Amino acid sequence: MRRSAAPSQLQGNSFKKPKFIPPGRSNPRLNEEIIKPKPDIKLFEGAANKNTFLESQNDPRICSLNLLPTEESTREINHRDNCSGKYSFEASALATLDPPHTVHSAPKELAVSKGQEEEPDSLVKYFSVVWCKASKKKHKKWEGDAVLIIKGRSFTLKNLEGKDIGRGIGYKFKELEKIEEGQTLMIGGKEIEVMGVISPDDFSSGRCFQCGVGSPAIQSSSQASRKCFSNPFKSVCKPSSKEDRENDFQNYKPRHDPYTPNSLVMPRPDKNHQWMFNKNCFPLVEVVIDPHLVYHLRPHQKEGVIFLYECVMGMRMNGKYGAILADEMGLGKTLQCISLIWTLQCQGPYGGKPVIKKTLIVTPGSLVNNWRKEFQKWLGNERIKIFTVDQDHKVEEFIKATFYSVLIISYEMLLRSLDQIKNIKFDLLICDEGHRLKNSAIKTTTALISLSCEKRIILTGTPVQNDLQEFFALIDFVNPGILGSLSSYRKIYEEPIILSREPSASEEEKELGERRATELTCLTGLFILRRTQEVINKYLPPKIENVVFCRPTALQIELYRKLLNSQAVRFCLQGLLENSPHLICIGALKKLCNHPCLLFSSIKERECNSTCDDNEERSLYEGLLNVFPADYSPPQFTEKESGKLQVLLKLLAVIHELRPTERVVLVSNYTQTLNILQEVCKRHGYAYRRLDGQTPISQRQQIVDGFNSKYSSDFIFLLSSKAGGVGLNLIGGSHLILYDIDWNPATDIQAMSRVWRDGQKHPVHIYRLLTTGTIEEKIYQRQISKQGLSGAVVDLNKTSEHIQFSVEELKNLFTLHESSCCVTHDLLDCECTGEKDHTGDSCEKFTLSRHCQLGPHHQKSDSLKPLSMSQLKQWKHFPGDYLNLTDPFLERIRENVSFFFQNITNQATAK
Ligand SMILES: Nc1ncnc2c1ncn2[C@@H]1O[C@H](COP(=O)(O)OP(=O)(O)OP(=O)(O)O)[C@@H](O)[C@H]1O
Ligand SMILES: [Mg+2]
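By the naming in an unreviewed UniProt entry, the protein chain is DNA repair and recombination protein RAD54B, taken from Prolemur simus. In UniProt, the protein chain has this text filed under Function (unreviewed entry): "Involved in DNA repair and mitotic recombination. May play an active role in recombination processes in concert with other members of the RAD52 epistasis group." The heading Subcellular location (unreviewed entry) in the UniProt record of the protein chain holds the text "Nucleus".

Colleague: Give a detailed account of the nonpolar core, specifying residues and quantitative values.
Modeller: Leu360, Trp371, Phe375 and Leu448 are the most contacted members of the largest nonpolar core, which has 120 residues in total. If one sorts the elements of this core by residue count, helix α10 (residues 333-346) sits on top with eight residues. Residues contacting Leu448, with those up to four places away along its chain left out, are Val362, Tyr411, Leu414, Leu429, Cys431, Leu437, Arg456 and Phe477. Counting 81 residues, the second-largest nonpolar core is a separate cluster that includes Val569, Ile586, Ile716 and Phe805.

Colleague: Kindly report on the pattern of salt bridges, identifying the contributing residues and their values.
Modeller: Under the definition given, this model contains 29 salt bridges. Linking Glu545 and Lys543 is a salt bridge whose minimum nitrogen-to-oxygen distance equals 3.5 Å. Judged by its relative accessible area of 15%, Glu545 is buried. The salt bridge involving Glu808 is made with Lys811; its shortest N-O contact spans 3.8 Å. Remark: Lys811 and Glu808 occur in helix α32 (residues 807-813); sequence separation between them is three residues, near one turn of the helix.

Colleague: Can you tell me about the side chain of Asp692, naming the residues and giving the values?
Modeller: By secondary structure assignment, the location of Asp692 is in the loop between β16 (688-691) and α27 (697-708). When its relative accessible area of 6% is taken as the criterion, Asp692 is described as buried. Looking at Asp692, its side chain comes within polar contact range of the side chain of Arg690, at 2.9 Å. Residues in contact with Asp692, not counting those within four places in the same chain, are Thr671, Leu674, Arg700, Ser720 and Ala723.

Colleague: Account for the packing of helix α25 (residues 643-658) against helix α26 (residues 671-684), naming residues and giving values.
Modeller: At a minimum axis distance of 12 Å, the contact between α25 and α26 shows a crossing angle of 40°. In terms of their interaxial angle, α25 and α26 are classed as oblique. Judged by the twist between their axes, the crossing of α25 over α26 is right-handed. Touching Leu645, Leu648 and Leu649 of α25 are Ile676, Leu677, Val680 and His684, all from α26. Class assignment of the residues belonging to the contact of α25 with α26 gives a composition of six nonpolar, one polar and no charged.

Colleague: Give a description of the site of ligand 1 that names residues and reports values.
Modeller: Neighbouring residues of ligand 1: 19 residues in total, closest Gly330, Thr334, Glu374, Lys377 and Arg757. Taking Gly332, its main chain carries an N or O atom lying 3.1 Å from an oxygen atom of ligand 1. Note that an oxygen atom of ligand 1 is positioned 2.7 Å from one of the side-chain N or O atoms of Glu374. Taking 640 Å² as the accessible area of ligand 1 by itself, protein coverage stands at 94%. Among the secondary structure elements, those contributing two or more residues to the shell around ligand 1 are α10 and α11 (368-379). Residue classes in the shell around ligand 1 are distributed as four nonpolar, seven polar and eight charged. The residues that make up the shell around ligand 1 include at least three from each of domain 2 (221-479 + 527-531) and domain 5 (640-909).

Colleague: Mind laying out the sheet that holds strand β17 (residues 716-720), listing which residues take part and the relevant values?
Modeller: Strand order in the open sheet formed by eight strands is β16-β17-β15-β18-β19-β14-β21-β20, with mixed pairing between adjacent strands. Where the open sheet ends on each side, the last strands, each with one partner, are β16 and β20 (876-879). Put simply, the sheet's adjacent strands are angled 15° from each other on average, direction ignored. By the bridge criterion, eight bridges tie strand β14 (residues 543-550) to strand β21 (residues 897-905) in an arrangement that is antiparallel. Residue pairing in the sheet places Cys550 in a bridge with Val897 of β21. Against the sheet, α27 touches β15 (664-668), β16 and β17, its axis set at about 150° to β16. Here helix α29 (residues 745-752) sits on the sheet in contact with β14, β15, β18 (735-738) and β19 (764-771), set at roughly 160° to β18.

Colleague: How would you summarise the environment of Arg690 if you had to cite specific residues and measurements?
Modeller: Within the fold, Arg690 resides in strand β16. Look at Arg690 and you get buried, because its relative accessible area is 17%. Residues Arg690 and Leu719, spaced 29 residues apart in sequence, show a C-alpha to C-alpha distance of 6.0 Å. Setting aside chain neighbours within four positions, we find Arg690 in contact with Thr671, Leu674, Asn675, Gln678, Thr695, Ile703 and Leu718. One polar contact links Arg690 to Asn675, side chain to side chain, over a distance of 2.8 Å. A distance of 2.5 Å separates a polar atom in the side chain of Arg690 from a polar atom in the side chain of Gln678.

Colleague: So, a nonpolar patch on the surface: which residues are in play, and what are the values?
Modeller: On the surface, a cluster of nonpolar side chains totalling about 340 Å² of accessible area is made up of Trp275, Met276 and Phe277. Its location among the elements puts Trp275 in helix α7 (residues 271-277). With relative accessibility at 64%, the residue Trp275 sits in the exposed group.

Colleague: Give me the confidence of the model for the protein chain: which residues, what numbers.
Modeller: Any residue range with low pLDDT should be treated as having predicted coordinates unsuitable for detailed reading. Residues at a pLDDT of 70 or more form 74% of the protein chain, whose mean pLDDT is 78. Low confidence marks residues 219-240, where pLDDT is under 50. Its contacts with residues over four positions away, or in another chain, come to 49 contacts. Across residues 840-853, where pLDDT falls below 50, the model places 46 contacts with residues more than four positions away in sequence or in other chains. For this predicted complex, the interface score ipTM comes out at 0.99, while the overall pTM is 0.66.

Colleague: Explain the environment of Gly759 residue by residue, including any values.
Modeller: By the secondary structure assignment, Gly759 is in the loop between α29 and β19. Placed 30 residues apart in sequence, Gly759 and Asn729 show a C-alpha to C-alpha distance of 9.2 Å.

Colleague: I'd like a description of the environment of Ile384, backed by residues and values.
Modeller: Along the chain, Ile384 turns up in the loop between α11 and β9 (386-388). With a relative accessible area of 4%, Ile384 lands in the buried category. Taking the C-alpha atoms as reference points, Ile384 and Val406, separated by 22 residues in sequence, lie 8.0 Å from one another. For Ile384, the residues in contact, after removing those within four places along its chain, are Ile341, Trp342, Gln345, Phe375, Leu379, Ser405 and Val406.

Colleague: Now, about unusual backbone geometry: what can you tell me, with residues and values included?
Modeller: We note that Cys281 has phi near 55°; this positive angle belongs to a residue other than glycine. Positionally, Cys281 belongs in the loop between α7 and α8 (291-294). Positive phi values are uncommon outside glycine, yet Glu433 reaches one of about 45°. Relative to the elements of secondary structure, Glu433 occurs in the loop between β11 (428-431) and α15 (443-449). A residue is classified by how much of its surface remains accessible, and Glu433, at 10% relative accessible area, is buried.

Conventions we followed
- Residues numbered from 1 in each chain as written.
- Chains lettered and ligands numbered in written order.
- Predicted model: local features only at pLDDT ≥ 70, side-chain atom pairs only at ≥ 80, totals over all residues.
- Heavy atoms only, no water.
- UniProt positions renumbered as here; feature names shortened; annotations may be inferred.
- Core = buried A, V, L, I, M, F, W, Y, C linked by side-chain atoms within 4.5 Å.
- Buried < 20%, exposed > 50% of the residue type's maximum accessible area, 1.4 Å probe, protein only.
- Helix = DSSP H or I, 4+ residues; strand = E, 2+ residues; numbered from the N terminus.
- Contact = heavy atoms within 4.5 Å.
- Salt bridge = Lys/Arg side-chain N within 4 Å of Asp/Glu carboxyl O.
- Polar contact = N/O pair within 3.5 Å; in protein donor to acceptor, adjacent residues only side chain to side chain.
- Axes fitted to C-alpha atoms, helices over the stretch in contact; angles between N-to-C directions.
- Parallel < 35°, antiparallel > 145°, perpendicular 65-115°, else oblique.
- Left-handed = near helix turned anticlockwise from the far one by under 90°.
- Nonpolar A, V, L, I, M, F, W, Y, C, P; charged D, E, K, R; others polar.
- Near = heavy atom within 4 Å.
- Areas by Shrake-Rupley, 256 points an atom, 1.4 Å probe, with all protein chains shown as cover.
- Domains from an automatic or database assignment.
- Pairing = 2+ DSSP bridges.
- Patch = residues over 30% accessible without salt bridge, like charges linked within 9 Å, V, L, I, M, F, W, Y side chains within 5 Å.
- pLDDT = per-residue confidence, 0-100.

And the structure:
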């Protein structure tokens, strides 16, 4: 049985008597009150004091009706008659003889109104109650907490999971109106005791359903300012003797001077915290961040460290020690965590004793060494001993060598070594790129949940509120139980919030959904921190972003037309979408855009491995080989066959010529395309490195370091965005070219943020290449239109296979616009004719709205979000043959380009 004590911990809610009291047992608080007989009282007040309790004992009428919501007949509710005369001495004398769990006669059901009573619309009341089924059993116990909602002449009883457990209509208004704290009554076949009144606000916010939730322990984040203790040695308890006190005075000094001008001092624990965690009565000592780190920390990082400190210390919410640091990419989440670990490992507020001993950092395989490097970068090799798990360094080694305090391991390795890891006592768990834990059913999540460590931090660069169920999984991971069970979360938050966003939602539903969303935000906002790129922009060089529309070649156009005329495409357009032939068609068109030889290879491959199942694919390729020259051979592809490749070559040449010391990151989503690009590098003598899904994890950091090194002779870094994009720092490159486009804007954004981040010295140039009039433009439009944003915008796992297309959409997708120099511009409703340099206002002044289930409360500016159409319109744009092209790079590639969009961020600091 659920205990009802929790609601009392909620600040500001109206639960006054939260404990279960067996039916018939008097409520201790009310025992103190003398309840005078009221002649007009109608409802049973058995549990309100001892006397009334005895009333019930003597009452032979135990309700046998079982009134579940569906049972019309049970709407009969009778309040206890003749209450008034029974507050007798006789009864109270009996009370002293009876143990609490003796026979309890339940009150009679309240009765439904027979006549046509006037409906008082205005009356809506909420009560916290405890309930049990009506029974004649001697020893009854309350079965649970519930919320009773009285509305006019009807009632609803909801359990704390938000489910209806009783409902009835047509009661006497006057009787319902009289329900008050302390009463016991029969309603809907259930006996209930009214524990307290719930304010409408507590109901609409959903707070009244939260049980087991720790109370916010923080008043405001301003507490997190640099406030020194007036007396760092003052303790809640006094040390035992004078001598001890003197020793303490010596021993309990802060590790770093809290009074130096730039010191960063952690907020002090309040009395409640001290009472909970300072059982040994140690003196309070300032926790001061190592000045060596403070020197480097940016202002937002200082705030972040304080936030993390408060969360994991349980200072933000009683009994909860988790946090989600969801700063946008490149804001230095790693450094913030390192600062926290280093601090907690050496210091603590109680007697200066370290709060943690061992930390576990779980991260994608490609970032394991990046973490080690960051530790070295900020703390050197001596301060802290780090152990990274790989093929040659097993967890056993960490266990044997006790001097290691931090274990860094990939998610994959964690699963393999789970048994050993479980045996180590970790005090802090950090999950980097932790949005992967949004699915609570996957092995990684269950494995991590099984670790007993309470202090848990999720790091993620992607917003977490886009999907309410994934949101729950992340929240429940860091602070288990804070939102109740999944089913109660659904009833109390998800359903009303989603319902309120439906176009058909009533005003009441909208209001409720809005309130629940606000409450959810408030509750979770205490331990989620997200800052956007803007906080760091001022430290970054300018960023020049270009969308380059490349003309397709004659061969590409011919093949494209043939593909669109194929039987497979025609089937798709007739809505015959079994076996998803549209995905094959889309794949073929995308390959063709990258280079016709990729399509050629696919056709040849299909010819070799033909089975009877791939009719669609064969029908798609029919007659295509005739378009290629007879002796066509993919390895000998020519660069002139692809519009984008021609642009790329010119771009590489001009960068090499004009910026000989700068380097290029060249990104594709496809390994086969990377093969072509690699071949191009070889042919033109460009030194390169490559990182894709096949690159062994152990080599990845080395490849990245080699490229970033100032001594590197590389010119190009070939990167597979899906394999290696997340979390990498590629600041050695200042030009980034996205050779192809992904359905998911997040993949592209991830890749783009690899170069424009802290530490970048050069202005950053980003080029997104699209083939004019083709499917690539359509995918781009989908990215920037609302439609593209729906659902989990930033979910890197979402691919085209997850996207549903209507036949209408497919028609649009499978159209080649041969005469337009930029279909995307045509769609913008821009007043310019595309014939001149059209410069709109800076896009930065536009607030970007994020499509998010939590609604407007969360729609903060999010600079790494994909653009919207209207923002793109504000970008400078011009056709390829525009005369006054001032950008030297664009000037050199214009021959093969039909249109440009350009936007410059941080122009003021342009060098
Ligand atoms: N205060 C700072 N001063 C200088 N460089 C910094 C600072 N903070 C972080 N950096 C550097 O910025 C780069 C990005 O930091 P980091 O990798 O921690 O970003 P992140 O927030 O984890 O981003 P992502 O979400 O992409 O993983 C790193 O090279 C890091 O060393
Ligand atoms: Mg990171």
